[in-house]
Amino acid sequence: MADLSLSPRSALAPFLHAGHHGAEGKTGVKLREVTACALAELTAFKGQKAALIKSTQNAFGVALPAANKSVSKDGVTFISVSPGKWLVTGEGAAEHDLVERLENAAGSLAAVVNQSDARAVVEISGDKARSALAKGVMIDLDPAAFKTGDAATSFAVQFWITLWQTNDAPTYRLAIFRSMGRDLLHWLESSAAEFGYDIHG
Amino acid sequence: MRIPCPFCGPRDSQEFSFLGQTGLKRPDPNAPDAQKQFHDYVHIRDNKAGLTKELWLHANGCRSWIVVERNTLTHEITGSEFASPLTKEAAQ
Ligand SMILES: [Zn+2]
């Protein structure tokens, strides 16, 4: 029988040119697409949020984060995006069974929608990552206002984005509709050019 | 102008889209003067000078409908809340 298993296709690979770009002799920013990453949206049904929090706590060992926050454990990240709604990413061992685990935890408490083929995730890090992002992101990224673990759904240039900070390097991740990935990269590369940037394929 | 979203906190007004005044009630299509009532429902607004309550959608954010209390004379925004009690419950 033919092998019918499908392998994910990168949203951005055709547009990512690995190597150094922009200003020479310095690397203020590093860019890469987060591949091998499953994505899903989890939406609590009416009146079921408290029960869902308990159920996901049991299944994943973390509490669903409050507004403007994200939380990670064992390759799974929950990002608050709307009242009663979270974007969930799964990497490493968590990539292949993320949706199944979420569906089991959600039961009749929440809807789980696979977003793996709908969104692209870009990671931007380095000591100038904040300055490069600030040219288009409308929220305040100063560490006093936005720290590791903080998240936002907001607007950047002409994109609806989900943004979260994963460490103090700082490193940020941006999730967008994957058809907008090329335009997002174009903007990020223009913003990062003055600082010098590396693309990791 | 910044609008305080009850879920996201203060955000630039460009993240929101504006619907208009709150409290409009869809007329009965079977009423004898339905045509006039629908004309008013669609086109006629109070255009108040002073404190107003308006519907805004946090379209490029958490996508919640919110009611914003705004003074049209000063542009001061004095409060906001979720338009739907269901959204409010889900945000807690
Ligand atoms: Zn909001």
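Presented here is an overview of the structure given in this document.

**Regarding the coordination of the zinc ion**
Where a metal carries four tetrahedral donors, each ideal angle is 109.5 degrees; where it carries six octahedral donors, the ideal angles are 90 or 180 degrees.
Residues and elements named next belong to chain B.
Part 1 of the argument: Protein-derived coordination of the zinc ion comes from C5 (SG), C8 (SG), H58 (ND1) and C62 (SG), at a distance range of 2.0 to 2.5 Å.
Part 2 of the argument: For the zinc ion, the four donor atoms in the first shell make angles of 101 to 117 degrees at the metal, a pattern classed as tetrahedral.
Part 3 of the argument: Motif for the zinc ion, donor spacing along one chain: C-x2-C-x49-H-x3-C. Taken together, the residues span a long stretch of sequence, with C8 in the loop between β1 (2–5) and β2 (9–12) and H58 in the loop between β4 (51–57) and β5 (65–71) at a distance of 50 residues.
Part 4 of the argument: The class for C8 is buried, based on a relative accessible area of 8%.
Part 5 of the argument: What makes H58 buried here is its relative accessible area of 0%.

**Focus: the pattern of salt bridges**
Residue and element names in this part refer to chain A.
Part 1 of the argument: Evaluation of the coordinates by the stated rule reveals 10 salt bridges over all chains.
Part 2 of the argument: A salt bridge links R119 to E41; the nearest nitrogen and oxygen atoms lie 3.5 Å apart. In this pair, R119 is assigned in strand β8 (residues 119–125) and E41 in strand β3 (residues 37–44), connecting sequence segments 78 residues apart. The same class applies to R119 and to E41, which are both buried.
Part 3 of the argument: The partner of R173 in a salt bridge is E123, with the nearest N and O atoms 2.8 Å apart.

**Thoughts on the interface of chain B and chain A**
Part 1 of the argument: Contacts between the two partners involve 19 residues from chain B and, on the opposite side, 17 residues from chain A.
Part 2 of the argument: In terms of surface lost to chain A, no three residues of chain B exceed F7, R11 and N60 of chain B, which account for 35% of the buried area on that side.
Part 3 of the argument: Taken together, chain B and chain A are joined by zero salt bridges.
Part 4 of the argument: Where chain B touches chain A, the interface holds 11 residue pairs in polar contact (both at pLDDT 80 or more).
Part 5 of the argument: Elements that contribute at least two residues to the side of chain B that touches chain A include exactly β2 and α2 (85–91) of chain B.
Part 6 of the argument: By residue number, the principal contributor to the side of chain B that touches chain A is α2 of chain B, which donates five residues.
Part 7 of the argument: Residues that form the side of chain B that touches chain A fall into these classes: eight nonpolar, six polar and five charged.

Analysis parameters
Residues numbered from 1 in each chain as written. Chains lettered and ligands numbered in written order. Predicted model: local features only at pLDDT ≥ 70, side-chain atom pairs only at ≥ 80, totals over all residues. Heavy atoms only, no water. Donors = N, O, S within 2.8 Å, 3.2 Å for Na, K, Ca; no water. Tetrahedral: all angles 85-135°; square planar, octahedral: opposite > 155°, others 65-115°. Helix = DSSP H or I, 4+ residues; strand = E, 2+ residues; numbered from the N terminus. Buried < 20%, exposed > 50% of the residue type's maximum accessible area, 1.4 Å probe, protein only. Salt bridge = Lys/Arg side-chain N within 4 Å of Asp/Glu carboxyl O. Contact = heavy atoms within 4.5 Å. Buried area = accessible area lost by both parts, 1.4 Å probe. Polar contact = N/O pair within 3.5 Å; in protein donor to acceptor, adjacent residues only side chain to side chain. Nonpolar A, V, L, I, M, F, W, Y, C, P; charged D, E, K, R; others polar.

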